[in-house]
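# Secondary and tertiary structure notes
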Amino acid sequence: MTSPAPRLIPLLVVLASASILGLAPILVRLTETGPAAAGFWRLAFALPLLAILIGRPGGEGIGTPSRWMLLAGLFFSLDLSFWNYGIVMTSVANATVLCNLTPVVVTLIGWLFFKERPARLFILALALAMGGAFAMASAAKGGQGTNPLLGDLLSLTVSFWYAGYFLMVKQARTTAGALRVTYWATLAGLPMMGGVSMLLGEDMIPATAAGWTACVAMGLMHVAGQGGVAWALGRLPASITSVTILIQPLVAAGLSWLVFGETLAPIQALGGALVLCAIVLAQWSSRTKTGATPEGVAPA
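Residues numbered from 1 in each chain as written. Predicted model: local features only at pLDDT ≥ 70, side-chain atom pairs only at ≥ 80, totals over all residues. Heavy atoms only, no water.

### Things to note about the overall build of the chain
Looking only at helices and strands, one finds 13 helices and 0 strands in the chain. From first element to last, N terminus to C terminus, the chain shows the α and β order α-α-α-α-α-α-α-α-α-α-α-α-α. The buried share among the 300 residues of the chain stands at 50%. The contacts of the chain with a sequence gap of at least 6 include a subset with a gap of at least 24, amounting to 89%. On the chain, roughly 13,200 Å² of surface is accessible, and the fraction owed to carbon and sulfur atoms is 72%. (Helix = DSSP H or I, 4+ residues; strand = E, 2+ residues; numbered from the N terminus. Buried < 20%, exposed > 50% of the residue type's maximum accessible area, 1.4 Å probe, protein only. Contact = heavy atoms within 4.5 Å. Areas by Shrake-Rupley, 256 points an atom, 1.4 Å probe, with all protein chains shown as cover.)

What follows is the structure in structure tokens.
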């Protein structure tokens, strides 16, 4: 068993990475572009950094993409498109919590399509998740975005898109390292995000230097946040990592309160707590059922 001391640094890295990823919904609103365009710039500014990291001496090298990497890019572009619109239409807290239902969705897909029957604890987790999501959506106020109900629904679908991304990455990782998979998924998703933005007639170019700064910051956040979580996953049990990254919705909610003045109604706070508990129970039930630690899922 790994001693507590070697786990300290990876645990701190996960906490820092999840906190960095909590900036995502805030930066989306500050980019001064359309929601899909914000995702485009996130990938565009992350790509050069990923290329440097993967092409450095001793790095894995760019190589060639597999179909799984390209499919991962497709699902990730859908993930960003739906989530970024959800961020604009509903509260930052709702959008961030609802998209974190991915671990529950992944287990549910395994149950329905691959006959991997989950433990009874997962059934409880699923019920809590659905109840919590309903509570957050039903209590959303008109001031929390342009269309709270639609924003909640879009954010909820993100968990399905990211589940697809997770499954594609899992297949791609059988033949390539994490950085190479991330690089090709990012490159594949870039033109898709640009196409969605132009198709919807969004503003592609930020109006001020502050908007450009937010776009660049999203690229740095993408590499640092996702990269940090990926690094820690190789050094910590995934059950610990997947629970620790749940700090992201808390960070996002706190920042949205400071930056945008968004507050949660009591029923929304209760619903968010139920969803977070459901995710923890889903991870715990998977570990209990299989006797092994499942691979964790980092939010988009």
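Next comes the rest of the write-up.
### Some words on the packing of helix 4 (residues 67-89) against helix 5 (residues 92-99)
It is the contact of helix 4 with helix 5, at a shortest axis distance of 7 Å, that shows an interaxial angle of 150°. Here helix 4 is positioned roughly antiparallel relative to helix 5, judged by the angle of their axes. The element helix 4 and its partner helix 5 pack so that their crossing is right-handed. In contact with Trp83, Gly86 and Ile87 of helix 4, helix 5 contributes Ala95, Thr96 and Cys99. Of the residues in the contact of helix 4 with helix 5, the class split is 4 nonpolar, 2 polar and no charged. (Axes fitted to C-alpha atoms, helices over the stretch in contact; angles between N-to-C directions. Parallel < 35°, antiparallel > 145°, perpendicular 65-115°, else oblique. Left-handed = near helix turned anticlockwise from the far one by under 90°. Nonpolar A, V, L, I, M, F, W, Y, C, P; charged D, E, K, R; others polar.)

### Observations regarding the environment of leucine 80
Along the polypeptide, leucine 80 turns up in helix 4. By relative accessible area, which is 0% here, leucine 80 ends up buried. Taking the C-alpha atoms as reference, leucine 80 lies 5.9 Å from glycine 39; in sequence the two are 41 residues apart.

### Regarding the pattern of salt bridges
All told, the structure shown has 1 salt bridge when counted by the stated rule. With a closest N to O distance of 3.7 Å, arginine 180 and glutamate 60 form a salt bridge. Taken together, the positions of arginine 180 in helix 9 (residues 178-199) and glutamate 60 in the loop between helix 3 (35-55) and helix 4 put the pair 120 residues apart, joining distant regions of the chain. Classification of arginine 180 by relative accessible area gives buried; the value is 16%. Overall, the relative accessible area of 37% leaves glutamate 60 in the partly exposed class. (Salt bridge = Lys/Arg side-chain N within 4 Å of Asp/Glu carboxyl O.)

### Considering the packing of aromatic side chains
Overall, the coordinates contain 7 aromatic pairs when judged by the stated rule. Arranged with centres 5.0 Å apart and planes meeting at 70°, the rings of tryptophan 41 and tryptophan 212 form a pair that is edge-to-face. Here the residue tryptophan 41 occupies a position in helix 3, and tryptophan 212 occupies one in helix 10 (residues 209-233), the gap between them amounting to 171 residues. Residue tryptophan 212 is classed as partly exposed on the basis of its relative accessible area, which comes to 30%. Centroid distance tyrosine 183 to tryptophan 184: 5.3 Å. Interplanar angle 80°. Geometry classified as edge-to-face. Tryptophan 184 shares its class with tyrosine 183; the two are buried. Taken together, the ring pairs connect Phe40, Trp41, Phe45 and Trp212 into an aromatic cluster. (Phe/Tyr/Trp six-rings, centres within 6.5 Å; stacked < 30°, edge-to-face > 60°.)

### Notes on a nonpolar patch on the surface
Where nonpolar side chains cluster on the molecular surface, the patch consists of Leu30, Trp257, Leu258 and Val259 and spans about 420 Å² of accessible area. Per element, the largest residue contribution to the nonpolar patch is 3 residues, and it comes from helix 12 (residues 247-260). Secondary-structure assignment places tryptophan 257 in helix 12. (Patch = residues over 30% accessible without salt bridge, like charges linked within 9 Å, V, L, I, M, F, W, Y side chains within 5 Å.)

### Description of the confidence of the model for the chain
Of all residues in the chain, 76% have pLDDT values of 70 or greater, and the mean over the chain is 78. Confidence, read as mean pLDDT per element, is least for helix 11 (residues 238-244) in the chain (55) and greatest for helix 3 (93). In this model, residues 290-300 is a region of pLDDT below 50 whose contacts with residues beyond four sequence positions or in other chains number 40 contacts. (pLDDT = per-residue confidence, 0-100.)

### Comments concerning the side chain of arginine 42
By the secondary structure assignment, arginine 42 is in helix 3. Polar side-chain contacts of arginine 42 include one of 3.0 Å to the side chain of histidine 222. (Polar contact = N/O pair within 3.5 Å; in protein donor to acceptor, adjacent residues only side chain to side chain.)

### Brief notes about the environment of lysine 170
Looking at the element boundaries, lysine 170 is found in helix 8 (residues 148-172). Expressed as a C-alpha distance, the spacing of lysine 170 and methionine 69, which sit 101 residues apart in the sequence, is 9.6 Å.

### Remarks on the side chain of serine 81
For serine 81, the location among the structural elements is in helix 4. What makes serine 81 buried here is its relative accessible area of 8%. Contacts of serine 81, omitting those with residues within four sequence positions, involve Met193 and Val196.

### Thoughts on the packing of helix 4 against helix 9
With their axes 7 Å apart at the nearest point, helix 4 and helix 9 run at an angle of 50° to one another. By the criterion of interaxial angle, the relationship of helix 4 to helix 9 is oblique. In terms of crossing hand, the pair formed by helix 4 and helix 9 is right-handed. Facing Met69, Leu70, Ala72, Gly73, Leu74, Ser77, Leu80 and Ser81 of helix 4, the residues of helix 9 in contact are Arg180, Val181, Trp184, Ala185, Ala188, Gly189, Met192, Met193 and Val196. Classifying every residue of the contact of helix 4 with helix 9 gives 12 nonpolar, 4 polar and 1 charged.

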